[in-house]
Amino acid sequence: MSGTPLSARAAEAGSGLAIEGHSIDYIPESERHAKLSSQGPFWFLGNFHFFTISIGFVGPSLGLSALWTMLAGALGIMFGTIFMAFHGSQGPEMGLPQMIQSRAQFGYRGVILALMATMFVFVGFNVVNISLIMNGLEHVFGINPTYVAVAVVLIGALLSIYGHDLMHKAFKWALLATLPLYALVTIALMFGAGSEGVTPATDLGFNWVAFATLFAIGASYNISYAPYVSDYSRYLPKNTSRPKLIAAVFIGASLSGSWMIGLGAWLAQELKAADALVALNQVGSSMVPGLGNLLVVVSVAGFLPIIALNTYSAMLTLLTGVDSISKITPTPRARVLSISVISVILLTCVLSIKGDGIALLNTFLVLLLYFLVPWTAVNLVDYFFVRKGRYAIPHFFTPNGIYGAWQFRGIASYLIGFAAMVPFFYIFDAAANKEVFVGPLARMLEGVDIAWLVGLVVSGLTYFLLSRSLDLVAERRVIDGISEKDIVAMAHQTEEAGR
């Protein structure tokens, strides 16, 4: 909890210019001021940007036509969004960040295993995000990439420091700015804008390896949001309709993701595009002089909240990890310090890693799916099939509670699921045009990547079987004795203990 008294946080919550009073602590029901209507647009923008357009380039780069790329990408996006949307329903029911909830499956200290995987996702996504911005702005405007990286990291850090409310407002304004422009580009492409003097790619078609790869990339893209979603739904009232919230997240994220991947596939096939910002500039300039530059500027500005999204969740993950080792009071100072550390690491990675942005994107999305799948399977099985949404919230904040310091069931299920995936791994470095690692069973399948599916089934089933030994009756007796007043009192006690 922050050093700000709990009674004062509700006032802070009402102002988008105040630094958010909460981080890894519980959000009391009296401070749940968010609205369900904001979730659909928020997650629509989560995929409505040139990063997702870049995913559409991957299909043609593997020999897949625009039509097959659109289909594979859309199916993958929708499959991955199922997991993302179900995770989102956990936020209002528990009022906690996503990774704090994972202490129930992995233990107070054991959750560090899952935290390492998710930190890789948050930082890795921003490395790829900023690399794409750097490359695009250098090609379009000739801006020094180092200056771009510093500015983008700084803006993302500032937004994430102010936190939840300001970020929701930033997402709203970014959507209003980008929606008409991307709609215009889509319509213009239907009439051949930007294709003057360009011969469309004619050697593209269908092959199962490329189709399966695009499906896996689409699935991993939205499964990768699974560790985020509760971070941005935890301010919703506890009585928020679970089906309506799941539907809002699913529709918002899957619609925009499918649209942008399809747009990227069409740009790659018809204009032979390899950089999303360059392609948008080309299409806009072919319609009205100067429109291309405007498209690029608005696209980058509209993407900055996504940088903040990753930085914010990385901050929550880092604070959870530190707290799991040594009890801390997550004050505003700790929040600023953690975001500063994350930003320095991010900037160092961005300026050190060189290479083609699309190739980096392809490899990264496949890798993050391997790390996230076992965690999402364990977390969802526990929430929906084992404990069925009932948790002793005060026990998330102590290693001596009913969840303990280490939970072998979750840790073992994650490791067993990950190990089962290894023979099916297919890791390809598109930049070097060579295979990095191909498991023996992936070789037998001629490169079709089903490792993620194996990980989902094995991790989820292993956890379900191991959880049969849990004494859920005794656990529910503890939960039934906990009230909202008890949770708030726990918050005060933890705050005092951490000072």
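The structure this text deals with has already been given above.
As a starting point, this report considers the structure included with it. (Residues numbered from 1 in each chain as written. Predicted model: local features only at pLDDT ≥ 70, side-chain atom pairs only at ≥ 80, totals over all residues. Heavy atoms only, no water.)

### Notes on the overall build of the chain
Helix and strand counts for the chain come out as 22 helices and 2 strands. Taken against the 2.2 N^0.38 rule, which gives 23 Å for 499 residues, the C-alpha radius of gyration of the chain at 22 Å falls within 12% of a compact globule. Projecting the C-alpha coordinates of the chain onto the three principal axes gives extents of approximately 70 × 55 × 40 Å. Counting every position in the chain, which comprises 499 residues, the buried fraction comes to 60%. When contacts within the chain are restricted to residue pairs at least 6 apart in sequence, long-range pairs at least 24 apart make up 86% of them. Counting only carbon and sulfur atoms, one obtains 69% of the accessible surface of the chain, whose full area is about 18600 Å². For the chain, the separation between the mean place of its 27 positive charges and that of its 27 negative charges on side chains is 8 Å. (Helix = DSSP H or I, 4+ residues; strand = E, 2+ residues; numbered from the N terminus. Rg over C-alpha atoms; globule rule 2.2 N^0.38 Å. Buried < 20%, exposed > 50% of the residue type's maximum accessible area, 1.4 Å probe, protein only. Contact = heavy atoms within 4.5 Å. Areas by Shrake-Rupley, 256 points an atom, 1.4 Å probe, with all protein chains shown as cover. Lys, Arg positive; Asp, Glu negative; His and termini not counted. Charge placed at Lys NZ, Arg CZ, Asp CG, Glu CD.)

### So, a nonpolar patch on the surface
Taken together, Trp68, Leu71, Leu75, Met78, Phe206 and Trp208 make up a surface patch of nonpolar side chains, about 570 Å² in accessible area. Ranked by residue count, the leading element in the nonpolar patch is helix H4 (residues 66-88), at 4 residues. By the secondary structure assignment, Phe206 is in the loop between helix H10 (164-190) and helix H11 (208-223). Using a relative accessible area of 34% as the deciding quantity, one classes Phe206 as partly exposed. (Patch = residues over 30% accessible without salt bridge, like charges linked within 9 Å, V, L, I, M, F, W, Y side chains within 5 Å. Salt bridge = Lys/Arg side-chain N within 4 Å of Asp/Glu carboxyl O.)

### What to know about the environment of Pro41
Take Pro41: it is sitting in helix H2 (residues 39-47). Sequence separation between Pro41 and Met190 is 149 residues; the distance between their C-alpha atoms is 25 Å.

### Structural notes on the nonpolar core
Core analysis: the largest hydrophobic core is formed by 150 residues, its most contacted members being Trp43, Phe50, Ile53, Leu267 and Phe396. Ranked by residues supplied to this core, first place goes to helix H8 (residues 112-141) with 16 residues. Those residues within four positions of Phe50 in sequence are excluded, and the remaining contacts are Leu132, Ile133, Tyr182, Ala276, Leu277, Leu280, Ser299, Val300 and Phe303. (Core = buried A, V, L, I, M, F, W, Y, C linked by side-chain atoms within 4.5 Å.)

### Digging into the environment of Pro289
Along the chain, the position of Pro289 falls in the loop between helix H14 (276-287) and helix H15 (291-325). Residue classification places Pro289 among the exposed residues on the basis of a relative accessible area of 76%. Distance in space between the C-alpha atoms of Pro289 and Gly481 is 67 Å, their sequence separation being 192 residues.

### Description of helix H21 (residues 472-480)
Those residues of H21 lying buried are Leu472, Glu475 and Ile479. Projection of H21 onto a plane perpendicular to its axis shows the buried side chains occupying an angular sector of 60 degrees, all on one side. Facing away from the buried side of H21, by more than 90 degrees, are the exposed residues Val473, Arg477 and Asp480. (Arc of directions from axis to C-beta.)

### A look at the packing of helix H3 (residues 50-61) against helix H13 (residues 242-271)
Taken N-terminus to C-terminus, the directions of H3 and H13 make an angle of 50 degrees; their axes are 6 Å apart at the nearest point. Our classification of the angle between H3 and H13 gives oblique. Once H3 is placed against H13, the crossing between them reads as right-handed. In this structure, H3 contributes Thr52, Ile53, Ile55, Gly56, Phe57 and Pro60 to the contact, and H13 contributes Gly257, Met260, Ile261, Leu263, Gly264, Ala265, Leu267 and Ala268. (Axes fitted to C-alpha atoms, helices over the stretch in contact; angles between N-to-C directions. Parallel < 35°, antiparallel > 145°, perpendicular 65-115°, else oblique. Left-handed = near helix turned anticlockwise from the far one by under 90°.)

### What about the side chain of Asn310?
Relative to the elements of secondary structure, Asn310 occurs in helix H15. Engagement of the side chain of Asn310 in a polar contact is seen with the side chain of Tyr228, the distance being 2.2 Å. If near-sequence neighbours (up to four positions away) are discounted, Asn310 is found in contact with Phe122, Phe125, Asn126, Asn129 and Tyr228. (Polar contact = N/O pair within 3.5 Å; in protein donor to acceptor, adjacent residues only side chain to side chain.)

### Overview of the pattern of salt bridges
Throughout the structure, instances matching the rule amount to 8 salt bridges. The salt bridge involving Asp382 is made with Arg387; its shortest N-O contact spans 2.7 Å. Taking the shortest distance from any N to any O, the salt bridge between Arg390 and Asp480 comes out at 2.3 Å. One end of the pair, Arg390, is in the loop between helix H17 (357-386) and helix H18 (408-421); the other, Asp480, is in helix H21, with 90 residues separating them in the sequence. Overall, Asp480 belongs to the exposed group, its relative accessible area being 52%. Several salt bridges converge on common partners, so that one network encompasses Glu20, Arg234 and Arg335.

### Considering the packing of aromatic side chains
A full pass over the atoms with the stated rule returns 39 aromatic pairs. Ring centres of Phe215 and Trp452 lie 5.5 Å apart, and the angle between their planes is 35 degrees; on these two criteria the pair is classed as tilted. Taken together, the residues Phe215 in helix H11 and Trp452 in helix H20 (residues 451-466) connect sequence positions 237 residues apart. Taking the relative accessible area as the measure of exposure, Phe215 reaches 18% and is therefore buried. (Phe/Tyr/Trp six-rings, centres within 6.5 Å; stacked < 30°, edge-to-face > 60°.)

### Here we look at unusual backbone geometry
Even without being glycine, Lys272 reaches a positive phi, approximately 55 degrees. Along the chain, the position of Lys272 falls in the loop between H13 and H14. Here the phi dihedral of Lys388 falls at roughly 50 degrees; this positive angle occurs in a residue that is not glycine. Along the chain, Lys388 turns up in the loop between H17 and H18.

### Section: the environment of Arg109
For Arg109, the location among the structural elements is in the loop between helix H7 (103-106) and H8. Residue classification places Arg109 among the partly exposed positions, given a relative accessible area of 27%. Expressed as a C-alpha distance, the spacing of Arg109 and Val297, which sit 188 residues apart in the sequence, is 44 Å. Discounting residues that sit within four places of it in the chain, Arg109 has contacts with Ser324, Ile325, Pro399, Ala405 and Trp406. One polar contact links the side chain of Arg109 to the main-chain carbonyl oxygen of Ile325, over a distance of 3.4 Å.

### Some details on H15
Taking 1.5 Å per residue as the helical rise, H15 with its 35 residues ought to reach 51 Å, and the 52 Å between its terminal C-alpha atoms agrees with that figure. Burial of H15 is extensive: 28 of the 35 residues sit out of reach of the surface. (Expected span 1.5 Å × (residues − 1).)

### As for the packing of H2 against H15
Contact geometry for H2 and H15: axes closest at 9 Å, N-to-C directions at 100 degrees. Regarding the angle of H2 to H15, the classification is roughly perpendicular. Contact with H2, carried on its side by Phe42, Trp43, Leu45 and Gly46, involves Gly302, Ile306 and Leu309 of H15 and no other residues of that element. Looking at the contact of H2 with H15 residue by residue, the class counts come to 5 nonpolar, 2 polar and no charged. (Nonpolar A, V, L, I, M, F, W, Y, C, P; charged D, E, K, R; others polar.)

Fair warning: the whole summary comes from geometry, so function is off the table for now.
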